[in-house]
Amino acid sequence: MSEHVVRAGDQGLASRIAAADILFRVDRESAYADVLLGAHLPDFAPADRRLITRLVLGTIAWQGRLDYELKQLTRRELIAIQPVALEILRMGLFQLRFLDRIPQHAVVDTAVSIAKRNVQARRAAGFVNAVMRRATRETAPMPPRERNEKSFLAIAYSHPRWLVERFVDWFGLANAERLMTANNNAAPNVLRLNLARGARAEIIEKLSADGFEIGADGRAPETIVLKSAPRFESRAYRDGLFHAQSETSQIVARMLAPRAGATVVDCAAAPGGKATHLAEMIGEHGRVIAMDLNFNGLKNARDLARRLRHRNIEFVCADLTAAAPLAPLSVDYVLLDAPCTGLGTLREHPEIKWRMKPTDPARMAAIQSRMLEHAATLVRSGGAIVYSVCSIAPDEGECVVDGFLARHDDFEIDRAVAGRDEFRGVIDARGFIKTRPDVGGLDGFFAARLIRR
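Conventions and cut-offs
- All chains use their own residue numbering, which begins from 1 and follows the written sequence.
- Only residues with pLDDT of 70 or above have their local features reported here, since the model is predicted, and side-chain atom pairs are shown and tallied only from 80 upward, although totals for entire chains, interfaces and linings are computed over all residues.
- With hydrogens and water excluded, all non-hydrogen atoms of the structure serve as input to the side-chain values.
- Secondary structure elements are taken from DSSP: a helix is a run of H or I of four residues or more, a strand is a run of E of two residues or more, and numbering for both begins at the N terminus.
- Under the pairing criterion, centres of Phe, Tyr and Trp rings, with the six-membered ring standing for Trp, must be within 6.5 Å; the plane angle then separates stacked pairs below 30 degrees from edge-to-face pairs above 60, leaving the rest tilted.
- Think of it in three bands: with a 1.4 Å probe and only protein chains considered, a residue is buried below 20% of the maximum accessible area for its type, exposed above 50%, and partly exposed in between.
- Whether a charge sits over a ring comes down to the Lys NZ or Arg CZ being within 6 Å of the ring centre and within 35 degrees of the ring normal.
- Two residues form a contact once any of their heavy atoms are found within 4.5 Å.
- Definitions used throughout: a 1 Å grid over protein atoms alone; a cavity as a set of points that fits a 1.4 Å probe which cannot get out; a pocket as an open set with protein on both sides within 12 Å along at least five of seven lines; a lining residue as one with an atom within 4 Å of a point.
- Grid points are joined across faces, edges and corners, and a volume is the space filled by probe spheres set on the points.
- Under the convention adopted here, Pro, Cys and the residues Ala, Val, Leu, Ile, Met, Phe, Trp and Tyr are nonpolar, Asp, Glu, Lys and Arg are charged, and Gly plus all remaining residues are polar.
- In this description, strands pair whenever DSSP reports at least two bridges between them.
- For every element, the axis is a line fit to its C-alpha atoms; helices are fit only across the contacting stretch, and the angle between N-to-C directions ranges from 0 to 180 degrees.
- Counted as salt bridges are all cases of a side-chain nitrogen of Lys or Arg within 4 Å of a carboxyl oxygen of Asp or Glu.

(A) Broad picture of the environment of Glu29. Of note, Glu29 is situated in helix α1 (residues 11–29). In this structure, the C-alpha to C-alpha distance between Glu29 and Gly283, residues 254 residues apart in sequence, is 42 Å.

If you want it as C-alpha cells, here you go:
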C-alpha cells in the first residue's frame, strides 16, 4: 500500500490510515494482523491503539458480512473495486454497522480523506464517498433464514459456509450460533505475572503504578485479566514482570504440573509463552529444553526468556515430525503444544477463518500425530506428556489422542487432573480440557495429560 500524506497533528486520521494499511496487507499480502499491529501500535497513544486494534480485527472478523452488503451497495463484483478503496470501504462500513460511538458523517468524511491521501485510491475517492453515503441511508437485508439456514448463518455471523457446517456438525445449531457470535467479539486482555520476579501483590501494585487497569483474577495465581490493553512501553514490561498470554494457554502449562527442579521438554516452544511459564514453575534449579523447527520463532522465545530473566531454558532447533533429538525415556515431563489450524483463536486471529481450507484440520492432525509419536518416546515410566492444540476441531484434539492411545497401551489418560480446582468447568469426564470462547470466554483449546504406566 502506497504512502499516505498526513497533516501534522492529525493523529485521529493517522490511526485510521494505519488501520487501512494493515487491512490491505493482511488481505493482499497474506500478512498477519497481530504482527502488523505489534509493529504499528507503539507509534500511537493508548486510545488510538485501542481504536486501531478494534478497526483491524473487527473489519477482518466481519469481512464476509461486510462484503455481502458492499456487493449490494456498489452493484458490482468486489474484485472490480480498486483494492485500497475496497479496504477503506470495508473499514468504513464496519464502523457504521458495529461501532456506535462514531458519528456517521465523521465515518464518511474519514473514509474519503483516507482515499484522497492514498496514491492508489485517490481516483476512487468520489466512489468511496458515494458508497459510504448510500450506506448511511440504506442497509442491505440479510438473506431469508428459512430459505437456507446455513447460508444465512454464514453471512449473518461472517464465517465461511463450510466452517458453519462443521460447527453445526460438531456442536449443534444453537451452540454453533453462540460460538460464531463469540468469535466476532474482542478477546480479553490477559497477563501472566512473572512470579519469579516478585509476589503477586507486589507486581500488581507496580502494574497499577504504570497505568494498567486491573480487572478480574484468573484461575491461577499468576493470571490476571485487564480492563484495557497492556502497556508494552511501561517499565513493568521492560523489567519482565509480565507476559501477555491467554488464560487457556496458561492452563495448558499448569496441566503438565512439573515438580520443582525437574527437567521439562517443550516440543513446539516458539514463541516461548509456555516454555517461560514452565521455567518459572520448575524454578532456577530446573531445566526447560525448548525445541522448535522455526528458528526465528526460537529467537523470539529466547528474547522473551531474556526479558523475563529466565536462565534455565536451552533452545534447540529440531523437526519433531522426523524424530526427537533426545534420548528415549529420558525425562519425566513433556509438553507438546502442537502446531494447528488455530481454530480456537479466531478472536485474536480472524484472518484464519478466511484462509483455512476444509481439508486443513485433517492435514494438521496427520502432522500432530507424528509429532506426538516422537514426543512420547521421551517420557520415562511414570512420567507425563501434555498434548494440546489451540483448536476446537475434534480431528486435531481427541481424535489424535484416541489414535495414539490405540497404538500405545503403555499410556493412559490422567483423569486425576479433573479434581484440581483450577480446571473446574473446563475438563470433561474423560479428563480432556475443552474450552470455547462462547463458554466462559476462554480461547478454544484441547488438552490431555497422558502418563506412561
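There's more to say after this.
(B) Summary view of the packing of aromatic side chains. A complete count under the given rule lists twelve aromatic pairs for this structure. Seen in terms of ring centroids, Trp170 and Phe171 are 6.0 Å apart; in terms of plane orientation they differ by 80°. Their pairing is edge-to-face. Among the residues examined, Trp170 registers a relative accessible area of 22% and is labelled partly exposed. An aromatic cluster is defined as three or more aromatic residues linked by ring pairs; in this entry it consists of Phe212, Phe232, Tyr237 and Phe242. Over the ring of Tyr32 we find Arg355; its NZ or CZ atom is 5.3 Å from the centre of that ring. One Lys or Arg, Arg436, reaches over the ring of Phe171 and ends 4.5 Å from the middle of that ring.

(C) Structural context of the environment of Gly286. Here Gly286 is to be found in the loop between α14 (273–282) and β6 (287–292). Considering only alpha carbons, one finds Gly286 and Ala262, 24 residues apart in sequence, at a separation of 4.8 Å. Leave out the neighbours within four places in its chain, and Gly286 touches Gly261, Ala262 and Asn312.

(D) Just empty space enclosed by the protein, in detail. Summed over all chains, the structure comprises one cavity of 30 Å³ or more. One number sums up the size of the largest cavity: a volume of about 40 Å³. Here the residues of the lining of the largest cavity sort into two nonpolar, two polar and four charged.

(E) Highlighting the sheet that holds strand β2 (residues 214–217). In space, the four strands of this open sheet follow the order β2-β3-β1-β4, with antiparallel pairing throughout. Edge positions in the open sheet fall to β2 and β4 (242–244), since each of these has one partner strand only. Between one strand and the next, the sheet's axes are offset by a mean angle of 35°, whatever the strand orientation. In the sheet, β2 pairs with strand β3 (residues 223–226) via two bridges, with the strands oriented antiparallel. The residue of β3 that forms the bridge with Ile214 is Leu226. Sitting on the sheet, helix α11 (residues 200–209) touches β1 (189–193), β2, β3 and β4, and the angle it makes with β1 is about 130°.

(F) Up close: the pattern of salt bridges. Taken as a whole, this structure holds 35 salt bridges when the rule is applied. One salt bridge in this structure joins Arg302 and Asp303, with 3.9 Å as the shortest N-O distance. Exposure remark for Asp303: the relative accessible area of 39% places this residue in the partly exposed category. The closest approach of N and O atoms between Asp414 and Arg449, which form a salt bridge, is 2.8 Å. Taken together, the residues Asp414 in the loop between β10 (411–413) and β11 (433–434) and Arg449 in strand β12 (residues 446–452) connect sequence positions 35 residues apart. Judged by its relative accessible area of 11%, Asp414 falls in the buried class. Given the relative accessible area of 10%, Arg449 is considered buried.

(G) View of unusual backbone geometry. With an omega dihedral of 5°, the bond running from Ala270 to Pro271 counts as a cis peptide bond. Locating Pro271 in the fold gives a position in the loop between β5 (263–266) and α14. Within the chain, Ser30 stands out as a residue other than glycine whose phi angle is a positive 55°. Here Ser30 shows up in the loop between α1 and α2 (33–40). The backbone of Ser158 shows a phi angle near 55°, a positive value even though the residue is not glycine. Considering the arrangement of structural elements, one finds Ser158 in the loop between α8 (149–156) and α9 (161–171).

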